[in-house]
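Here is what each chain is made of, one letter per residue.
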Amino acid sequence: LEKQKIDTYAINYGIAPRINAMGRIGDPKDALRLLCSTKEAKVRSFAQSVQSTNTDRQSLTTMMIEEAMLQKAAWVDEHIIVVQSDTFHEGVIGLVAGKLMETFAKPAIVIARGATSSKGSARSVPGVNITDLLRQLKDQLLDVGGHPMAAGFSVATQNLENFVSLLRALGKKMIDASLLIKSLQVECEISANLIDAKTIESLQMLEPHGSGNVVPVFIVRDLQITQQSIVGKDQRHRKLVLQRSDGTALQAMWFGGASHEIESLLNTPVEIAATLQFNEWNGKKSVQVLVKAVKKLL
């Protein structure tokens, strides 16, 4: 990262996850040493360690998500996702729970099974206080703590199956199905003609973004997808060309979009939900649309 270009995005998606990975599967003291060291050789050594650990964390997270998906039949009709395995690394279960929650719009609990005790991590959806829910079964647990959107707990392994059974029943009873519909919060509709450098510069004045000041998502109509390609080393994303009604084109990225059927949407009017940003590459700055969802206009 170039020092003068370190912004909230670079911190949120570049620096912080690497430091965070050390506390999950590495030695957190090395992250502290990285931040405190003044000798370049040591800094580079610690930086390489942090980078390597984060790469391992990414691979581990992917493998655990794949294993969790093999258990989908057990929770697809439930109001709460519960997956467990004796191969899960307890330092990463929270990340897996978060990914499952985001993907399926259900509270998700991931449990790392141990010989005598098992550890669980939970992530929730708006409207479901996951910590309060778990505390209703506190007599089944060794300990539990957290806040409305995330929790952690431990449970005796010999009691695990009984706990999971009770938890699923409680989920069906306490979690209304209306809270489990995947939705996207948007700010407003804007004209496609407003997607330009001036608008993005104005939006940058709202930074930094985070909890309580989220990146604004807009609805944009009267667009057509004229080109698309699957990109990324894991082939999970889509690069799109969006054409406005005046014939001008916009470059767009849809992270995670490779899993969505898109052929029927090509060269036909669509509306999109998206955020706006600058893309900087090889010293050039251009307008980029980050697609969150696409719907065919009737």
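Here's a quick rundown of the structure. These numbers come from a predicted model, not from an experiment.

## What to know about the sheet that holds strand β1 (residues 81-85)
Reading across the sheet, the five strands line up as β1-β2-β3-β5-β4 and stay open at both edges, with mixed pairing between neighbours. A strand with exactly one partner marks an edge of an open sheet, and here the two such strands are β1 and β4 (143-147). Mean inter-strand twist for the sheet, computed between neighbouring axes without regard to direction, equals 15°.

## Details of the pattern of salt bridges
For the coordinates displayed, the defined rule picks out eight salt bridges. Note that R221 is salt-bridged to E189, the shortest N-O span being 3.0 Å. One end of the pair, R221, is in strand β7 (residues 218-231); the other, E189, is in strand β6 (residues 188-189), with 32 residues separating them in the sequence. Residue K295 pairs with E271 through a salt bridge whose shortest N-O separation is 3.5 Å. Of this pair, K295 sits in strand β11 (residues 284-296) while E271 sits in strand β10 (residues 269-281), placing them 24 residues apart in sequence.

## Side note on the packing of aromatic side chains
Summed over all chains, the structure comprises two aromatic pairs. Summarising the aromatic geometry, the rings of W75 and F104 are spaced 4.9 Å apart at their centres and angled 70° between planes, so their arrangement reads as edge-to-face. Of this pair, W75 sits in helix α4 (residues 72-75) while F104 sits in helix α5 (residues 93-104), and the two are 29 residues apart along the sequence. Taking relative accessible area as the criterion, W75 reaches 1% and is therefore assigned buried. Owing to a relative accessible area of 22%, F104 belongs among the partly exposed residues under this scheme.

## Brief notes about the pairing of strand β9 (residues 249-254)
For a regular strand, the rule is simple: side chains alternate between the two faces of the sheet. Pairing geometry for strand β8 (residues 237-243) and β9, over six bridges, is antiparallel. Across the sheet, V241 pairs through a bridge with Q251, a residue of β9. In this antiparallel pair of consecutive strands, β8 and β9, the connection spans five residues, and G247 shows a positive phi of 95°. Sheet topology note: the β9/β11 ladder contains three bridges and is parallel. Residue pairing for β11: Q251 is matched across the bridge by Q288.

Calculation criteria
All residue numbers refer to position in the chain's written sequence, counted from 1. Local features are withheld for residues below a pLDDT of 70 in this predicted model, meaning they are given only at 70 or higher, and side-chain atom pairs are given and counted only at 80 or more; totals for whole chains, interfaces and linings count all residues. Only hydrogens and water are set aside when side-chain values are computed; all heavy atoms of the structure are taken into account. Two strands pair under a simple rule: DSSP has to find at least two bridges between them. Put simply, DSSP marks the helices as runs of H or I at least four residues long and the strands as runs of E at least two long, and each gets a number from the N terminus on. Axis definition: a line fitted to C-alpha atoms, limited for helices to the stretch in contact. Angles are taken between N-to-C directions and run from 0 to 180 degrees. Definition used for salt bridges: Asp or Glu carboxyl oxygen within 4 Å of a side-chain nitrogen of Lys or Arg. For this analysis, a ring pair means two rings from Phe, Tyr or Trp (six-membered ring only for Trp) whose centres lie within 6.5 Å, classed as stacked if their planes differ by under 30 degrees, edge-to-face if by over 60, and tilted for the remaining angles. The buried label goes to any residue with under 20% of its type's maximum accessible area, the exposed label to any with over 50%, and the partly exposed label to all in between, with areas taken from a 1.4 Å probe on protein chains only.

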